[in-house]
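Listed below, chain by chain, are the residues.
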Amino acid sequence: KFGENSVNMVTEWEKNNIKRLFKVYDKDKSGFLDLKELKNLMADLQADKGLIGKVPNLTESQIDALFKEWDSNKDGKLSWFEFREGLNNWEWKMDDAERMQKRIDEYYHQAYRQKMLGNKEEARKLTLQALSLYGTNTRCKPIEIPQKEKGAKIKRGDNFG
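Fair warning: this is a prediction, and the values are worked out from it, not measured in the lab.

Draft legend 1. Structural detail: the overall build of the chain. What the chain contains, in helices and strands, is six helices and four strands. Listing every helix and strand of the chain by position from the N terminus yields α-β-α-β-α-β-α-β-α-α. Residues classed as buried in the chain amount to 34% of the 161 residues present. Across the chain, contacts joining residues at least 24 apart in sequence account for 67% of those joining residues at least 6 apart. Only carbon and sulfur atoms are counted for the fraction: they give 53% of the accessible area of the chain, which is about 11,100 Å².

Below is the structure:
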């Protein structure tokens, strides 16, 4: 269906959100992650800190295996490009709708609290996070296009009869 977001893979928009997390875990700003940093990144993705509404469906041993597979030159590091290309090599699942709505409400609540404390920039950041997460609900719903019934006559407004 047109507009349907695949549940089992991530889109380019979602990869851009994940890239922000990748940069957070790249502590030395080298453009690479080691296995420990990758596991921390994956834990955040499984908690949907990338705000994409999807979480990777992986175990720790699967993460170890993927790291070994992706580390083609065996230097013990993964670049963003290597990681990005492998993002759809495993199954993703939609985050629980109730949990997602709870998180959205919490972001709005925190934003309101920060606004009342005079922290407008922090309130703005929290509101944007809530809106981003709320958008995942709409991106994942397909656009339904009604089908015309066979044999139905077109109704026109000009009757000459």
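Draft legend 2. Summary view of the side chain of Arg 103. Along the chain, the position of Arg 103 falls in helix H5 (residues 97-116). Judged by its relative accessible area of 15%, Arg 103 is buried. Of the polar contacts made by the side chain of Arg 103, one reaches the backbone oxygen of Asp 48; its length is 2.8 Å.

Draft legend 3. Examining the environment of Ala 47 more closely. Here Ala 47 lies in the loop between helix H2 (35-46) and strand E2 (54-56). For the pair Ala 47 and Asp 95, spaced 48 residues apart in sequence, the C-alpha to C-alpha distance is 8.9 Å.

Draft legend 4. Representation of the packing of aromatic side chains. Enumeration according to the criterion identifies four aromatic pairs in this entry. Ring geometry for Trp 70 and Phe 83: centres 5.9 Å apart, planes at 85 degrees, overall edge-to-face. Residue Trp 70 is found in helix H3 (residues 60-70), and its partner Phe 83 is found in helix H4 (residues 80-86); the two are separated by 13 residues along the sequence. We classify Trp 70 as buried; its relative accessible area is 9%. Given a relative accessible area of 0%, Phe 83 falls into the buried group. For Lys 77, the ring lying beneath its charged end belongs to Phe 32, and the centroid distance is 4.7 Å.

Draft legend 5. A look at the layout of surface pockets. Within this model, the largest pocket holds a volume of roughly 230 Å³. If you list the elements that add at least two residues to the lining of the largest pocket, you get helix H1 (12-25) and helix H6 (120-139). Class assignment for the residues of the lining of the largest pocket results in five nonpolar, four polar and three charged.

Draft legend 6. Focus on the packing of H1 against H2. Where H1 meets H2, the axes come as close as 10 Å, and the angle between the chain directions of the two elements is 140 degrees. With respect to H2, the element H1 is oriented oblique. Remark: the crossing between H1 and H2 carries right-handed chirality. Counted together, Ile 18, Leu 21, Phe 22 and Tyr 25 of H1 and Glu 37, Asn 40, Leu 41, Asp 44 and Leu 45 of H2 form the full contact between these two elements. Split into classes, the residues belonging to the contact of H1 with H2 amount to six nonpolar, one polar and two charged.

Draft legend 7. View of a nonpolar patch on the surface. A cluster of nonpolar side chains, Tyr 108, Leu 128, Leu 131 and Tyr 134, forms an exposed patch at the surface whose accessible area comes to about 380 Å². The element contributing the most residues to the nonpolar patch is H6, with three residues. Residue position: Leu 128 is located in helix H6. Owing to a relative accessible area of 46%, Leu 128 belongs among the partly exposed residues under this scheme.

Draft legend 8. Seen up close, the nonpolar core. Counting 22 residues, the largest nonpolar core has Ile 18, Leu 41, Phe 83 and Trp 90 as the members making the most contacts within it. Breaking this core down by element, the ones donating at least two residues are H1, H2, H3 and H4. When near neighbours in sequence (up to four residues on either side) are disregarded, Leu 41 contacts Leu 21, Phe 22, Tyr 25, Leu 33 and Phe 83. With eight residues, the next largest nonpolar core counts Met 100, Ile 104, Ala 111 and Ala 130 among its residues.

Cut-offs applied
Residues numbered from 1 in each chain as written. Predicted model: local features only at pLDDT ≥ 70, side-chain atom pairs only at ≥ 80, totals over all residues. Heavy atoms only, no water. Helix = DSSP H or I, 4+ residues; strand = E, 2+ residues; numbered from the N terminus. Buried < 20%, exposed > 50% of the residue type's maximum accessible area, 1.4 Å probe, protein only. Contact = heavy atoms within 4.5 Å. Areas by Shrake-Rupley, 256 points an atom, 1.4 Å probe, with all protein chains shown as cover. Polar contact = N/O pair within 3.5 Å; in protein donor to acceptor, adjacent residues only side chain to side chain. Phe/Tyr/Trp six-rings, centres within 6.5 Å; stacked < 30°, edge-to-face > 60°. Lys NZ or Arg CZ within 6 Å of the ring centre and 35° of its normal. 1 Å grid on protein atoms, 1.4 Å probe; cavity = no way out; pocket = protein on both sides within 12 Å on 5 of 7 lines; lining within 4 Å. Points joined across faces, edges and corners; volume = space filled by probe spheres on them. Nonpolar A, V, L, I, M, F, W, Y, C, P; charged D, E, K, R; others polar. Axes fitted to C-alpha atoms, helices over the stretch in contact; angles between N-to-C directions. Parallel < 35°, antiparallel > 145°, perpendicular 65-115°, else oblique. Left-handed = near helix turned anticlockwise from the far one by under 90°. Patch = residues over 30% accessible without salt bridge, like charges linked within 9 Å, V, L, I, M, F, W, Y side chains within 5 Å. Salt bridge = Lys/Arg side-chain N within 4 Å of Asp/Glu carboxyl O. Core = buried A, V, L, I, M, F, W, Y, C linked by side-chain atoms within 4.5 Å.

Geometry only, nothing functional implied.
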